[in-house]
Amino acid sequence: MSRRAAVVAAVVLAVWIAPRPVVAHHSFAAEYDRDKPVTLVGSVTRIEWMNPHVYFYMDVTENGVTSHWSVEGGAPTSLYRAGWRKDSLKVGDTVTVHGYLARDGSKLANMRDAVLADGRAVLGGQNYYGPGAPKPPGQ
């Protein structure tokens, strides 16, 4: 093994075993309050379709005041199983979201289900599978 290859291998090994920050996955109850349901109707301003959760942002106008909300959905694979596709939601679409407010009082909601611009009602993709799972809206 050449000296250069040995140095490269040592650097790769050092980076691989170096301590890394641990990104913990939060529980629903740690961040959201199931006793504070919310319905948001607004226009989508941005979409982040990536793991571990899909987020989208929307402007909601109530009583003449517009506020910017963040909405957390399930993982992309969960949303796919619930009927979502990457093009299901587009910037500018009007969407109705039923969900739960964040415990910290911020304008963040966890999506339970949504009614998309095309009228389809779909689940939010988190914890809604199995024998006790609720049926999608309208069924």
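This structure is a prediction, so every number in the text was calculated from the model and none was measured.

What counts, and at which threshold
- Residues numbered from 1 in each chain as written.
- Predicted model: local features only at pLDDT ≥ 70, side-chain atom pairs only at ≥ 80, totals over all residues.
- Heavy atoms only, no water.
- Buried < 20%, exposed > 50% of the residue type's maximum accessible area, 1.4 Å probe, protein only.
- Helix = DSSP H or I, 4+ residues; strand = E, 2+ residues; numbered from the N terminus.
- Pairing = 2+ DSSP bridges.
- Phe/Tyr/Trp six-rings, centres within 6.5 Å; stacked < 30°, edge-to-face > 60°.
- Lys NZ or Arg CZ within 6 Å of the ring centre and 35° of its normal.
- Salt bridge = Lys/Arg side-chain N within 4 Å of Asp/Glu carboxyl O.
- Core = buried A, V, L, I, M, F, W, Y, C linked by side-chain atoms within 4.5 Å.
- Contact = heavy atoms within 4.5 Å.
- Polar contact = N/O pair within 3.5 Å; in protein donor to acceptor, adjacent residues only side chain to side chain.

Topic: the pairing of strand β5 (residues 108-115)
Along any regular strand the residues' side chains alternate between the sheet's two faces.
Now for step 1: Burial analysis of β5 places seven of its eight residues in the buried class, which makes it a mostly covered element.
Now for step 2: Bridging between strand β4 (residues 94-102) and β5 involves six bridges; their strand directions are antiparallel. When the sheet's bridge partners are listed, L101 is paired in β5 with A109.
Now for step 3: Counted along the chain from β4 to the antiparallel partner β5, the turn is five residues long, and its residue G105 has a positive phi close to 80°.
Now for step 4: Summarising the sheet, β5 and strand β6 (residues 121-123) pair through three bridges and their orientation is antiparallel. Residue pairing across strands places V115 opposite A121, the latter belonging to β6.
Now for step 5: The turn joining β5 and β6, which pair antiparallel and follow one another in sequence, is formed by five residues; a positive phi near 95° is taken by G119.

A closer look at the packing of aromatic side chains
Now for step 1: This model, assessed by the stated rule, comprises zero aromatic pairs.
Now for step 2: In this structure, R34 is placed above the aromatic ring of Y100, and the distance from its NZ or CZ to the ring centre is 5.5 Å.
Now for step 3: Here R46 stacks its cationic end above the ring of Y57, 4.2 Å away from the centre of that ring.

A look at the environment of N110
Now for step 1: Mapping N110 onto the fold places it in strand β5.
Now for step 2: In this structure N110 comes out as buried when scored by relative accessible area, which is 3%.
Now for step 3: Expressed as a C-alpha distance, the spacing of N110 and D33, which sit 77 residues apart in the sequence, is 9.2 Å.

A look at the pattern of salt bridges
Now for step 1: Summed over all chains, the structure comprises four salt bridges.
Now for step 2: Residues E48 and R46 are paired through a salt bridge, measuring 2.7 Å at the closest nitrogen-oxygen approach.
Now for step 3: Take R46: its relative accessible area is 42%, and that puts it in the partly exposed class.
Now for step 4: Measuring nitrogen to oxygen at the nearest pair gives 2.9 Å for the salt bridge that ties R120 to D118.
Now for step 5: For D118, a relative accessible area of 53% translates into the label exposed.

Quick word on the nonpolar core
Now for step 1: In terms of nonpolar packing, the biggest core is built from 21 residues, with L40, F56, M58, W84, V95, V97 and M111 touching the most fellow members.
Now for step 2: Secondary structure elements with two or more residues in this core: β1 (32-48), β2 (55-62), β3 (65-72), β4, β5 and β6.
Now for step 3: Setting aside residues up to four positions removed in sequence, W84 forms contacts with W49, L79, L89, M111, A114, L116, V122 and L123.
Now for step 4: F28, Y32, Y100 and A102 belong to the second-largest nonpolar core, a separate cluster that totals five residues.

Examining the pairing of β4
Now for step 1: Bridge count for β1 against β4 is eight bridges, and the pairing is antiparallel. Residue pairing in the sheet places Y32 in a bridge with A102 of β4.

Observations regarding the side chain of D33
Now for step 1: Structurally, D33 can be placed in strand β1.
Now for step 2: Residue D33 is classed as buried on the basis of its relative accessible area of 12%.
Now for step 3: In this structure the side chain of D33 is engaged in a polar contact, spanning 2.9 Å, whose partner is the backbone nitrogen of D35.
Now for step 4: When neighbours within four sequence positions are excluded, D33 is seen to be in contact with Y100, L101 and R103.

By themselves, these observations are geometric and do not establish any function.
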